[in-house]
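Architecture and fold: a report
Each chain, letter by letter, is given below.
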Amino acid sequence: QVQLVESGGGLVQAGGSLRLSCAASGRTFSNYAMGWFRQAPGKEREFVAAIGWNGVTTYSADSVKGRFTISRDKAKNTVYLQMNSLKPEDTAVYYCAARPSVVVTTSPHTYSFWGQGTQVTVSS
């Protein structure tokens with residue numbers, strides 16, 4: 001059974017940093033694209049960042065470019081999202097997702113497996 005478990009969320013002041021982790025288990029994810037998405041209350045789930053199987057190809061939403069960095073440790077089956085210079089508008093539940101493909105995409109509909117989410121709250 002595929003399992004994705006996020007951790008690292010919490011409450012932080014504007015300008016602060018958080019590092020989210022997503023531990024994957026149940027199969028080998030080395031050939032999977034991995035992504036981070038977020039959903040704020042009353043809004044649709046939106047793309048944040050994604051990374052290819054090789055850890056080289058990455059994409060980030062314009063709203064987080066220069067502030068958020070996605071990375072992966074294939075040996076640990078773990079994906080990270082380093083979030084710096086956080087803003088109140090970054091407040092949301094953050095979800096990790098896995099796509100059984102070497103192709104990186106930004107649409108949540110193309111990801112097959114999802115974690116339960118971790119809350120990130122940025123106070124002003």
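For the structure itself, look to the data block above.
About the cut-offs
Positions within a chain are numbered from 1, following the residues in the order the chain's sequence is written. Reporting in this predicted model follows two pLDDT cut-offs: at least 70 for local features of residues, and 80 or more for side-chain atom pairs to be given and counted; totals over whole chains, interfaces and linings ignore these cut-offs and use all residues. Heavy atoms throughout the structure, all of them, feed into the side-chain values; hydrogens and water do not. Going along the chain from the N terminus, every DSSP run of H or I of four or more residues is numbered as a helix, and every run of E of two or more is numbered as a strand. Radius of gyration: C-alpha atoms only; globule rule: 2.2 Å multiplied by the number of residues to the exponent 0.38. Summary of the burial criterion: residues with accessible area below 20% of their type's maximum are buried, those above 50% are exposed, and those between are partly exposed, where the area comes from a 1.4 Å probe applied to protein chains only. In this description, contact between two residues means that some pair of their heavy atoms is separated by no more than 4.5 Å. A residue counts as positive if it is Lys or Arg and as negative if it is Asp or Glu; His and the chain ends are not included. Charge positions are represented by NZ for Lys, CZ for Arg, CG for Asp and CD for Glu. Note on terminology: disulfide denotes any pair of cysteine sulfur atoms within 2.5 Å. Nine residue types can take part in a nonpolar core, namely buried Ala, Val, Leu, Ile, Met, Phe, Trp, Tyr and Cys, and a core is a set of them joined through side-chain atoms within 4.5 Å. Salt bridges are defined as contacts in which a side-chain nitrogen from Lys or Arg sits within 4 Å of a carboxyl oxygen from Asp or Glu. In this scheme Phe, Tyr and Trp rings, the latter by its six-membered ring, pair at centre separations within 6.5 Å, and the angle between planes marks the pair as stacked below 30 degrees, edge-to-face above 60, and tilted otherwise. The rule for a charge over a ring is simple: NZ of Lys or CZ of Arg within 6 Å of the ring centre, and within 35 degrees of the ring normal.

The next subject is the overall build of the protein chain. Looking only at helices and strands, the protein chain features zero helices and eleven strands. Along the protein chain, helices (α) and strands (β) appear in the sequence β-β-β-β-β-β-β-β-β-β-β when read from the amino end. For the protein chain, the C-alpha radius of gyration of 13 Å lies close to 14 Å, the compact-globule estimate for 124 residues. With respect to the principal axes defined by its C-alpha atoms, the protein chain has extents near 40 × 25 × 25 Å. Residue burial in the protein chain is summarised as follows: out of 124 residues, 44% are buried. Summarising the internal contacts of the protein chain: among those between residues at least 6 apart in sequence, 60% fall at separations of at least 24. For the protein chain, the centre of its 12 positive side-chain charges and the centre of its 7 negative side-chain charges are spaced 7 Å apart.

The next point concerns the state of the cysteines. Tallied over the entire structure, the rule returns one disulfide. The disulfide that involves Cys22 links it to Cys96, with 2.1 Å between the sulfurs. Taking the sign of the S-S torsion, about -75° here, the bridge from Cys22 to Cys96 comes out left-handed. Here the residue Cys22 occupies a position in strand S3 (residues 18-25), and Cys96 occupies one in strand S9 (residues 92-99), the gap between them amounting to 74 residues. Of the two residues examined, Cys22 and Cys96, each falls in the buried class.

Moving on, we come to the nonpolar core. In globular proteins that are soluble, nonpolar side chains generally tend to be buried together. By size, the foremost hydrophobic cluster in this structure holds 36 residues, and its most contacted members are Met34, Trp36, Leu81, Met83 and Tyr94. Among the secondary structure elements, those contributing two or more residues to this core are S3, strand S4 (33-39), strand S5 (46-51), strand S7 (68-73), strand S8 (78-83), S9 and strand S11 (118-123).

Let us now look at the environment of Gln1. By secondary structure assignment, the location of Gln1 is in the segment before strand S1 (3-7). Take Gln1: its relative accessible area is 87%, and that puts it in the exposed class. Considered as a pair, Gln1 and Val93 are 92 residues apart in the sequence and their alpha carbons are 23 Å apart. When sequence neighbours within four positions are dropped, the list of residues in contact with Gln1 reads Ser25 and Gly26.

Another aspect to go through is the pattern of salt bridges. A full pass over the atoms with the stated rule returns four salt bridges. Among the ionic pairs, Asp90 bridges to Arg38, the shortest N-O distance being 2.9 Å. Linking Asp90 in the loop between S8 and S9 with Arg38 in strand S4, this pair joins segments that are 52 residues apart in sequence. Each of Arg38, Glu46, Arg67 and Asp90 takes part in one network of salt bridges that share partners.

What follows concerns the packing of aromatic side chains. Under the criterion given, the structure shown has six aromatic pairs. Seen from their ring centres, Phe37 and Trp114 are 5.1 Å apart, and the 55° between their planes marks the pair as tilted. Separated by 77 residues along the polypeptide, Phe37 in strand S4 and Trp114 in strand S10 (residues 113-114) bring together distant segments of the chain. Judged by its relative accessible area of 0%, Phe37 is buried. Taken together, the ring pairs connect Phe37, Phe47, Tyr95, Tyr111 and Trp114 into an aromatic cluster. Positioned over the ring face of Tyr80 is Arg19, at 4.0 Å from the centre of the ring. When the ring centre of Trp114 is taken as origin, the NZ or CZ atom of Arg45, which lies over that ring, is 4.8 Å away.

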